[in-house]
Amino acid sequence: MHPPVKVRLLSTGQLNSEKRQLEMVVDVRLEGDWKTYWRSPGEGGVAPVFDWSDSTNIDNIDWHWPVPAYYEQLGVLTLGYKHQVSFPLVVSVTDPTQPVSLEANLRLSSCTNICVIADYPIQLDIEPSRLVLDANAAYLFAQGMSLTPKENNQVTIEGNYWDQQAQTLLLKLRSTSPWNTPLVLVDGSDVSDEFFSQPTLTIEGTTLYALYKVSNWLGKADIANKQIQVTVSDDLILSEATIQVATTPIDVPYQSGLLWMIGFALAGGLILNIMPCVLPVLGMKLNSIIAGVHHSPAQVRMSFLASSAGIITSFMLLAAGLTSLKLAGHLIGWGIQFQNYWFIGFMALVTLVFSANLLGLYNIQLPSSLNTWLAGKGNQSYGGHFIQGMFATLLATPCSAPFLGTAVAYALGASFIELWLIFVALGVGMSLPWLLFTAFPGLVRMFPRPGPWMNTVKLIFGAMMLLTSLWLVSLLSSFIGAGLTVILIIVILLALMVLVGKRYGRNAVIMLSALSVMLVGGSLIFGSVTADRWSTPIVDNLDWQKLERSQIADLVAQGNIVFVDVTADWCITCKANKIGVVLQDPVYSALQQPNTIVMRGNWTTPSDDVTQYLHSYGRYGIPFNIVYGPNHPEGIPLPVVLTSDAVIEAIKLAGGDIRD
């Protein structure tokens, strides 16, 4: 046996005397990054082997396979399970009135960076007349069966085409409901020597095309006229069918999943420009635009090109970092650099320096020789514009936007080339406003001419940047504690007060202090006066439990609804979902129902458990919300940007009782 992997065989205590069938379940628990494999393990790994030949009073055992997930390790793509999997067994007995003895050996392969094949002896004696229902085993059996595809009418395979020359298999499927995040797998005893790549999917309404590259370790593959098993899984779909491979071409629309994802990346990158994370940096850029309204078109074009290059370079650096982590077998995700306190501290320092400069508290004095060189170059520091672009990208990573989550999830689960293409597209998308000014530099003349009003604008943007810096400092509380964080913020504010006093005089400090007190006091008064008009107070009184994946099954088995929220202190979109949806009626009231359990996964700091939980649903960033219930123990994932209707509908589908 292998210590990180625990195996147990349980009987549900249920016997169908007419069919002479017993229900059992093999429950496998895996620690950390260990994973085991599906019946067709992919490019690596070994499928489980269950030898029950020494058993008595047993005619046959049907082993059922829950839907697996894709895992990539050092470029090797496999299909299997992490953390926990329940394999349902339907045991056909010879005589249901006689004792049953199951003596078996389970040979199980488990892998991380290394692989271990271990034998697990199993023995279970059952006296049919003394069977007692085991609720836990019954739930594990039901959970496994609910995740096991069956032949049904949910999906129809309308055609398939094996291209011998191209070594590709094309499937055409039609579903009874719209596709969302489909998983389509191909295997079968006739094609046990073949490997079917992760397919390229093209979706047109309820029709889906899946294109596989097929390889055979002995040489060229030839699967013409062979029987294959097609397994299909989606949010509301779980189906399986056996078909014969055909060699007659079928039409497929010219459409590529990668091209669609690149389009999503361009749109997501563009939308990032209006996310609150990057507004202070955009303010700095706007200030430089207005200041340079009299510059030549060539200078304007070069400054915007430098900013665009900074944005794209920053996305390429992110892609390089994620590629390195992926090659090393580490768990990756969008925004993980904010789980590093050194990065947060660096960003807080940079934003603080920028804010102090915009507030006029200091000026950077360059050497006279450098000033002379800059004057000869038109007094344009293109390096500064480049850094602004990089800085904007780094500040954007705590945000998630429409299209962005889909594109990033595709990139982090795809090949390295596709990952780089998606991240470059994100950079180009975010650069589109700047590239517009690059193409038409005369647009800068549409902005107001420089004047004294610019000083006021600079102060506003400086205050925004200061708030960003203080927010970044507040994120350090997860690493250094709340007390030290508060002290650090107080020290920063006092230092700024001293600098304001030196720069603008004591009267400015007095006015600033009075204004701060008035703003805080006014906010409190306004809040108390208008509190009864709010939909609900923005107070989180929900009884949040720590995300424990192993507990979800038991809670659902007891008839509960489980709402899971994976969030982080640095995730702006998470906070928007919380304030705008989760803490507002009708969602707030629904989550307070007695049969509703709320769980929270904290991704503020690195957590392998949370990362693996995200990956198990094909997610690589946050926010992530999902609803479990008796009708959907596998869970119903919610969109990145929550709406009240989406949450309430998921709770109803999962089996909740929403009371007004």
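For every chain, the first residue of the written sequence is number 1, and numbering continues from 1 onward in sequence order. Two thresholds apply to this predicted model, a pLDDT of at least 70 for residue-level local features and 80 or more for giving and counting side-chain atom pairs, whereas whole-chain, interface and lining totals are computed over all residues. Only hydrogens and water are set aside; all other atoms, that is, all heavy atoms of the structure, feed into the side-chain values.

1. Section: the UniProt feature "transmembrane region" (unreviewed entry) in the chain
Thinking step 1. UniProt positions are given in the numbering used here, feature names are shortened, and annotations may be inferred rather than shown by experiment. Summarizing the sequence annotation, UniProt attributes the feature "transmembrane region" (unreviewed entry) to residues 258-282, 303-322, 342-364, 385-413, 419-444, 456-473, 479-501 and 508-529 in the numbering used throughout.
Thinking step 2. Under the DSSP-based scheme used, a helix requires at least four consecutive residues in state H or I and a strand at least two consecutive residues in state E, with every element numbered from the N terminus. End C-alpha to end C-alpha, residues 479-501 measures 33 Å, and it is 96% helix and 0% strand.

2. Side note on the sheet that holds strand β1 (residues 5-16)
Thinking step 1. The sheet built from four strands is open, its strands ordered β1-β2-β8-β5 with antiparallel pairing. The open sheet is flanked by β1 and β5 (58-63), the only strands paired with a single partner. Averaged over all pairs of adjacent strands, the angle between strand axes in this sheet comes to 25 degrees, irrespective of strand direction. In this description, strands pair whenever DSSP reports at least two bridges between them. An axis is simply a line fitted to the C-alpha atoms; with a helix, the fit covers only the stretch in contact. Between two such axes, the angle follows the N-to-C directions and lies from 0 to 180 degrees.

3. Some words on the pattern of salt bridges
Thinking step 1. Salt bridges are defined as contacts in which a side-chain nitrogen from Lys or Arg sits within 4 Å of a carboxyl oxygen from Asp or Glu. Within the structure shown, the criterion is met by ten salt bridges.
Thinking step 2. The salt bridge involving R39 is made with E240; its shortest N-O contact spans 2.8 Å. One end of the pair, R39, is in strand β3 (residues 35-42); the other, E240, is in strand β18 (residues 237-244), with 201 residues separating them in the sequence.
Thinking step 3. Put simply, R8, D27 and R29 are held in one network by salt bridges that share partners.

4. Quick notes on the sheet that holds strand β21 (residues 596-602)
Thinking step 1. Ordered in space as β19-β21-β20-β22-β23, the five strands form an open sheet in which the pairing is mixed. A single partner strand is all that each edge strand has here, and the edge strands are β19 (544-546) and β23 (632-637). The mean inter-strand angle of the sheet, taken between neighbouring strand axes irrespective of direction, is 30 degrees.
Thinking step 2. The sheet contact formed by strand β22 (residues 624-629) and β23 spans three bridges and is antiparallel. Among the inter-strand pairings, I626 is bridged to a residue of β23, identified as P637.

5. Regarding unusual backbone geometry
Thinking step 1. Here the bond from D585 into P586 is cis, since omega is 10 degrees, no more than 30 degrees from zero.
Thinking step 2. Within the secondary structure, P586 is located in the loop between α15 (572-582) and α16 (587-591).
Thinking step 3. Although it is not a glycine, H83 sits at a positive phi angle of roughly 70 degrees.
Thinking step 4. Relative to the helices and strands, H83 is located in the loop between β7 (76-82) and β8 (84-93).
Thinking step 5. Even without being glycine, Q167 reaches a positive phi, approximately 55 degrees.
Thinking step 6. Mapped onto the elements, Q167 comes out in the loop between β11 (155-163) and β12 (168-175).

6. Quick look at the packing of helix α1 (residues 135-146) against helix α14 (residues 549-557)
Thinking step 1. Following both chains from N to C, one finds α1 and α14 inclined at 105 degrees, their axes separated by 10 Å at the closest point. For the element pair α1 / α14, the angle class is roughly perpendicular. Counting all contacts with α1, which are made through N136, Y139 and Q143, the residues of α14 involved are I552, A553, D554, V556 and A557.
Thinking step 2. Partitioning the contact of α1 with α14 into residue classes produces five nonpolar, two polar and one charged. Note that the term roughly parallel is reserved for angles under 35 degrees, roughly antiparallel for angles over 145, roughly perpendicular for angles of 65 to 115, and oblique for everything else. In this description, contact between two residues means that some pair of their heavy atoms is separated by no more than 4.5 Å. In this classification, the charged set is Asp, Glu, Lys and Arg, the nonpolar set is Ala, Val, Leu, Ile, Met, Phe, Trp, Tyr, Cys and Pro, and all remaining amino acids, among them Gly, are polar.

7. As for the nonpolar core
Thinking step 1. Take the buried residues of types Ala, Val, Leu, Ile, Met, Phe, Trp, Tyr and Cys, join any two whose side-chain atoms come within 4.5 Å, and each joined set is a nonpolar core. Under the scheme applied here, a residue whose accessible area is under 20% of the maximum for its type counts as buried, over 50% as exposed, and between as partly exposed, the area being computed with a 1.4 Å probe on protein chains only. I552, V562, V564, V566, Y613, I622 and Y628 are the most contacted members of the largest nonpolar core, which totals 49 residues.
Thinking step 2. Ranked by residues supplied to this core, first place goes to helix α5 (residues 341-358) with six residues.
Thinking step 3. Residue contributions to this core reach at least three from each of two domains, namely domain 1 (5-147) and domain 4 (545-655).
Thinking step 4. Setting aside residues no more than four positions away along its own chain, Y613 makes contact with H83, L547, R549, I552, V564, V566, F624, I626 and Y628.
Thinking step 5. In terms of nonpolar packing, the next biggest core, distinct from the first, is built from 36 residues, L22, I61, F87 and L185 among them. By convention here, the domain bounds are inherited from an automatic or database domain assignment.

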